[in-house]
Amino acid sequence: MVDFDLINKSIFVAGHNGMVGSAICRALNKLPISLLVADKEELDLIDEFSVKSWMNKNKPEVIVLAAARVGGIYANNSYPVDFLLNNLKIQNNVIEAAYENKVEKLLFLGSSCIYPKWAGQPIKEEYLLTGELEQTNQWYAIAKIAGLKLCQAYRKQYGCDFISAMPTNLYGPNDNFHPLFSHVPAALIRRFHEAKLSGYDNVGVWGTGNPRREFLHVNDLASACIHLLKHYSELEPINIGTGEDISISSFAELVSKVIGFNGSIVYDTKMPDGMKEKRLDVRKINKIGWKAAITLSDGLTSTYNWALANDIF
Ligand code: GFB
């Protein structure tokens, strides 16, 4: 197993204010490293000149690229240009500047939605680019595929230690709790909470409730990222997940229980289902010594408590 020593390294987390970036910063802050972050006024990741000059000045030794335009199924469908173009710009700027500044290791974060719509389950890393993409998130998926290919290209042409990881659906503190643009965990936490407070009889859940999703707490993702920085150095991307999935209807029931909502659930079949299922095959990351630790029920409870404590609703 590869051993890359993070001790005393200067590590730049791009996207430190987001759910993923902030979780990675919390985990890195427990290590004897020097953490580099920059707010938008200091570093605009969409702007090539801004990225090049910031990198030249700050010279990180390691980069975690967690900055991206993200959102749930409705946001992906509504803002195709932002999801394609902004993500391409951010990753091109950061990855090119990483090469120019001789960054020793870069971790690029993709998403399980890069895999084909009809991929066999569980989804192995080698299923990438073997079939058509899911329509609702094709813009985001194309950008993320380009990002992982760019990392592979730098490894092939220049020998850079740039790796890519593909996390499954994530949730946790600092998620976006917008009622329309969020992913399903934050959307349902908000909706069930508001229904409980208002005394509603029922709550609407999008789609048929039949799709299956795998959910990983972002603190687990952060521990996986640190593990990969230390122990993974290959051309091929690596999946990060729990390896277990649940139907959206069972998930909605679990959220309703965690929130303490006693009414019923109504399905809005005018809203899209998206991919039927996307459970990741996580044997590769398990084999190099990492496993998810946070159960879905514990993770949802702590996320709800975090949202209450932070006046999110
Ligand atoms: O989380 P979500 O938006 O992302 O939706 P995807 C997951 C499932 O939950 C879909 C259903 O079947 C939705 O129809 N759902 C039910 C809801 N109620 C709701 C609700 O109130 N809000 C939302 N958002 N969904 C994402 C991609 O797809 O996967 C992202 O769009 C990202 O780009 C992520 O890659 C991993 O799993 O469908």
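Residues numbered from 1 in each chain as written. Predicted model: local features only at pLDDT ≥ 70, side-chain atom pairs only at ≥ 80, totals over all residues. Heavy atoms only, no water.

Q: What exactly am I supposed to notice about helix α10 (residues 296-309) here?
A: Think of an α-helix as 3.6 residues a turn; residues three or four steps apart then line up on the same face. Relative to the 20 Å expected for 14 residues at 1.5 Å per residue, α10 spans 20 Å between its end C-alpha atoms, a close match to the ideal helical length. All of the buried residues along α10 are Leu 296, Gly 299, Leu 300, Thr 303, Tyr 304, Trp 306 and Ala 307. The buried residues of α10 all sit within an arc of 160° when viewed along its axis, so they share a single face. Check the buried side of α10 and you find it contacts β6 (169-171), α6 (184-198), β9 (215-217), β11 (246-247) and α8 (248-259). Taken from the residues just after α10, Asp 311 is the one with a positive phi, measuring 50°. (Helix = DSSP H or I, 4+ residues; strand = E, 2+ residues; numbered from the N terminus. Expected span 1.5 Å × (residues − 1). Buried < 20%, exposed > 50% of the residue type's maximum accessible area, 1.4 Å probe, protein only. Arc of directions from axis to C-beta. Contact = heavy atoms within 4.5 Å.)

Q: How should the pattern of salt bridges be read in this particular structure?
A: Across all of its chains, the model carries eleven salt bridges by this definition. For the salt bridge of Lys 105 with Asp 161, the shortest nitrogen-to-oxygen distance reads 3.3 Å. Of the two residues, Lys 105 sits in strand β4 (residues 105-109) while Asp 161 sits in the loop between α5 (138-158) and β5 (162-167), which places them 56 residues apart along the sequence. Neither Lys 105 nor Asp 161 differs from the other in exposure class; each is buried. Overlapping salt bridges bring together Glu 48, Lys 52, Glu 96 and Glu 100 as one network. (Salt bridge = Lys/Arg side-chain N within 4 Å of Asp/Glu carboxyl O.)

Q: How should I be thinking about the sheet that holds β4 in this particular structure?
A: Pairing between sheet strands relies on hydrogen bonds along the backbone, with the strands arranged either parallel or antiparallel. Taken together, the six strands give an open sheet; going across it, the order is β2-β1-β3-β4-β5-β10, and neighbouring strands pair in parallel fashion. Edge positions in the sheet fall to β2 (34-36) and β10 (238-240), since each has one partner strand and no second. Direction aside, neighbouring strands of the sheet carry axes that sit 25° apart on average. Sheet analysis places β4 next to β5, joined by four bridges and oriented parallel. Within the sheet, the bridge partner assigned to Leu 109 lies in β5 and is Ala 165. Packing of helix α4 (residues 80-100) onto the sheet brings it into contact with β3 (62-65), β4 and β5, and relative to β3 it is tilted by some 170°. Helix-sheet contacts for helix α7 (residues 218-231) involve β3, β4, β5 and β10, and the interaxial angle to β4 is about 145°. (Pairing = 2+ DSSP bridges. Axes fitted to C-alpha atoms, helices over the stretch in contact; angles between N-to-C directions.)

Q: Honestly, the nonpolar core in this entry has me stumped. Any pointers?
A: A general tendency of soluble globular proteins is for nonpolar side chains to be buried together. Counting residues in hydrophobic clusters, the biggest one holds 76 residues, and the most contacted among them are Ile 24, Leu 106, Leu 109, Leu 228, Ile 240 and Ile 285. Per-element accounting of this core gives the leading share, eight residues, to α7. Not counting residues up to four positions away in its chain, the partners in contact with Leu 106 are Ile 63, Val 94, Ile 95, Ala 98, Cys 151, Asp 161, Phe 162 and Ile 163. Membership of the second largest hydrophobic core comes to 23 residues, among which are Tyr 171, Phe 215, Ile 246 and Ile 259. (Core = buried A, V, L, I, M, F, W, Y, C linked by side-chain atoms within 4.5 Å.)

Q: Which parts of the structure should I look at to understand the site of the ligand?
A: Near the ligand there are 22 residues, and of these Ile 73, Arg 191, Arg 213, Pro 272 and Asp 273 occur at the shortest range. At a separation of 2.9 Å, an oxygen atom of the ligand approaches a polar side-chain atom of Asn 76. If the ligand stood free it would expose 690 Å²; the protein chains cover 97% of that surface. Taken together, the elements giving at least two residues each to the shell around the ligand come down to α3 (73-78), α6 and β7 (202-206). When grouped by side-chain class, the residues that make up the shell around the ligand number ten nonpolar, eight polar and four charged. (Near = heavy atom within 4 Å. Polar contact = N/O pair within 3.5 Å; in protein donor to acceptor, adjacent residues only side chain to side chain. Areas by Shrake-Rupley, 256 points an atom, 1.4 Å probe, with all protein chains shown as cover. Nonpolar A, V, L, I, M, F, W, Y, C, P; charged D, E, K, R; others polar.)

Keep in mind these values describe shape, not function.
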